[in-house]
Amino acid sequence: MATKVYIVYYSMYGHVAKLAEQIQKGAASVEGVEAKLWQVPETLPEEVLGKLGAPPKSDVPIIAPHELDEADGLIFGFPTRFGMMCAQFKAFFDSTGGLWRTQKLAGKPAGIFFSTGSQGGGQETTALTAITQLVHHGMIFVPIGYTFGAGMFEMEKVKGGSPYGAGTYAGDGTRQPSELELEQAFHQGKYMAGIAKKFTGSA
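Here the residue index of a chain counts from 1 through its sequence in written order. Only residues with pLDDT of at least 70 get local features here, since the model is predicted, and only at 80 or more are side-chain atom pairs given and counted; chain-wide, interface and lining totals rely on the full set of residues. Side-chain numbers come from the whole structure's heavy atoms, not from hydrogens or water.

Concerning the overall build of the protein chain
We apply this condition: Segments assigned H or I by DSSP are reported as helices when at least four residues long, segments assigned E as strands when at least two residues long, and all are numbered from the N terminus. For the radius of gyration, the atom set is restricted to C-alpha positions; the globular benchmark scales as 2.2 Å times the number of residues to the power 0.38. For every residue, the accessible area (1.4 Å probe, protein chains only) is compared with the maximum for its type, and the residue is labelled buried under 20%, exposed over 50%, or partly exposed between those bounds. Only heavy atoms enter the contact rule, under which two residues are in contact if any of them lie within 4.5 Å. Surface exposure here means Shrake-Rupley accessible area, sampled with a 1.4 Å probe, where a residue is shielded only by the protein chains that are shown. Neither His nor the chain ends is counted toward charge; the positive residues are Lys and Arg and the negative residues Asp and Glu. In plain terms, the charge of a residue is placed at NZ if it is Lys, CZ if Arg, CG if Asp and CD if Glu.
Broken down by element type, the protein chain carries six helices and seven strands. On C-alpha atoms alone, the protein chain measures out to a radius of gyration of 16 Å, which is about the 17 Å that the 2.2 N^0.38 rule sets for 203 residues. On the principal axes, the C-alpha backbone points of the protein chain span a range of 45 × 40 × 30 Å. By residue count, 49% of the 203 residues in the protein chain fall in the buried class. Within the protein chain, residue pairs in contact and separated by at least 24 positions form 74% of the contacts whose partners lie at least 6 positions apart. On the protein chain, roughly 9500 Å² of surface is accessible, and the fraction owed to carbon and sulfur atoms is 57%. Distance from the positive charge centre (17 side chains) to the negative charge centre (19 side chains) of the protein chain: 4 Å.

Have a look at this one:
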């Protein structure tokens, strides 16, 4: 039976979605792993999204809280709002009370990836504050550490991400994830897939 890795994300302008796609490809590159993309529900009305200039959502399916239990490994992605995960993703975690009550997610490996507007915009605080959600569910946080190698030490180019997970900088919204950021995202997916396989005993 295949090891299931779910990449669950929220993306308003597409930056996190692009990272998620690469993470999915990385996870799917591991033999015996089924990697699937999911979005969390939007909480803002269409009128507000229109005023914010948000493009239409992709056709990636919306996940229901109970579906998290189907995964052997989870990778959560979201943009930052004031150094923490966006409200849409927090609302989704707030809806997982039933899973928390029964500890359905306890023991599952989970990773995090993120997008911020600037270099001081919360690349690490967003991950750190998000870990509390994993802890209360009993999930096991899996950072990428420095397993990405030389790419972690790039100093000539602007690069998001950290030992906590893959990341990108959106700037004023026009900057898109760089090739190096996308490579790091692919690496995170591949790395997490390997960890998930070990947890399921299929490695």
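Considerations on helix α5 (residues 123-137)
For clarity, the cut-off: Each C-beta atom gives one direction from the helix axis, and the arc is the one those directions make.
Within α5 the residues assigned to the buried category are Gln123, Thr126, Ala127, Ala130, Ile131, Gln133, Leu134 and His137. Taken end-on, α5 shows its buried residues confined to a sector of 155 degrees, consistent with a single buried face. Across α5 from its buried face, at more than 90 degrees, point the exposed residues Val135 and His136. One or two residues past the end of α5 sits Gly138, with phi positive at roughly 80 degrees.

Some words on unusual backbone geometry
Even without being glycine, Phe82 reaches a positive phi, approximately 55 degrees. On the secondary structure map, Phe82 appears in the loop between β3 (73-81) and β4 (84-85). Of note in this structure, Gln103 is not a glycine but carries a positive phi near 55 degrees.

Considering the layout of surface pockets
What counts here: In the cavity and pocket records, a cavity denotes points on a 1 Å grid over the protein atoms alone where a 1.4 Å probe fits but cannot get out, a pocket denotes an open set with protein on both sides within 12 Å along at least 5 of 7 lines, and lining residues are residues with an atom within 4 Å of a point. Grid points are joined across faces, edges and corners, and a volume is the space filled by probe spheres set on the points. Under the convention adopted here, Pro, Cys and the residues Ala, Val, Leu, Ile, Met, Phe, Trp and Tyr are nonpolar, Asp, Glu, Lys and Arg are charged, and Gly plus all remaining residues are polar.
The space that makes up the largest pocket amounts to roughly 220 Å³. Along its surface, the largest pocket is lined by 13 residues, and Met152, Glu154, Lys159, Gly161 and Tyr169 are the ones closest to its centre. Considering only residue class, the lining of the largest pocket consists of six nonpolar, four polar and three charged. Taken as a whole, the second largest pocket spans an internal volume of roughly 190 Å³.

Description of the packing of aromatic side chains
Between two aromatic rings, the relevant description is the distance of the centres plus the angle of the planes. Which entries qualify depends on this criterion: Stacked, edge-to-face and tilted labels apply to pairs of Phe, Tyr and Trp rings (six-membered ring for Trp) whose centres lie within 6.5 Å, assigned for plane angles under 30 degrees, over 60, and everything in between, in that order.
One pass over the full model with this rule turns up eight aromatic pairs. Look at Phe76 and Phe93: their rings are 5.2 Å apart centre to centre, the planes differ by 65 degrees, and that puts the pair in the edge-to-face class. With a gap of 17 residues between them, Phe76 in strand β3 and Phe93 in helix α3 (residues 87-94) connect regions that are remote in the sequence. Assessed through its relative accessible area of 1%, Phe76 is described here as buried. Between Phe92 and Phe93, the ring centres sit 6.4 Å apart and the planes meet at 50 degrees, which makes this aromatic pair tilted. Every member of this aromatic cluster is reached through a ring pair, and the members are Phe76, Phe78, Phe89, Phe92 and Phe93.

Notes on the packing of helix α1 (residues 15-28) against helix α6 (residues 179-200)
Just so we agree on the cut-off: Axis definition: a line fit to C-alpha positions, over the contact stretch in the case of helices; interaxial angles, taken between N-to-C directions, run 0 to 180 degrees. An angle counts as roughly parallel when it lies under 35 degrees, as roughly antiparallel when it exceeds 145, as roughly perpendicular when it falls between 65 and 115, and as oblique in every other case. Each helix crossing is assigned a hand: it is left-handed if the near helix lies turned anticlockwise from the far helix by less than a right angle, otherwise right-handed if that turn is clockwise.
Where α1 meets α6, the axes come as close as 6 Å, and the angle between the chain directions of the two elements is 45 degrees. If you check the angle between α1 and α6, you find them oblique. With respect to the hand of their crossing, α1 and α6 are arranged in right-handed fashion. When α1 is examined against α6, the residues Lys18, Leu19, Gln22, Ile23, Lys25, Gly26 and Ala27 are found in contact with a partner set consisting of Glu181, Leu182, Ala185, Phe186, Gln188, Gly189, Lys190 and Ala193. Here the contact of α1 with α6 is built from residues that sort into seven nonpolar, four polar and four charged.

Comments concerning the nonpolar core
Stated precisely, the cut-off is as follows: Note on terminology: a nonpolar core comprises buried Ala, Val, Leu, Ile, Met, Phe, Trp, Tyr and Cys residues joined through side-chain atoms within 4.5 Å.
Core analysis: the largest hydrophobic core is formed by 29 residues, its most contacted members being Val8, Leu68, Leu74, Phe76 and Phe89. Taken together, the elements giving at least two residues each to this core come down to β1 (3-9), β3, α3, β5 (109-116) and α5. Ranked by residue count, the leading element in this core is α5, at four residues. Beyond its immediate sequence surroundings of up to four residues, Phe76 is in contact with Val8, Leu68, Phe89, Phe93, Ala110, Gly111, Ile112, Phe113, Leu134 and Met139. Counting residues in each nonpolar core, the second largest holds 24 residues, with Val5, Leu19, Ile23 and Phe113 among its members.

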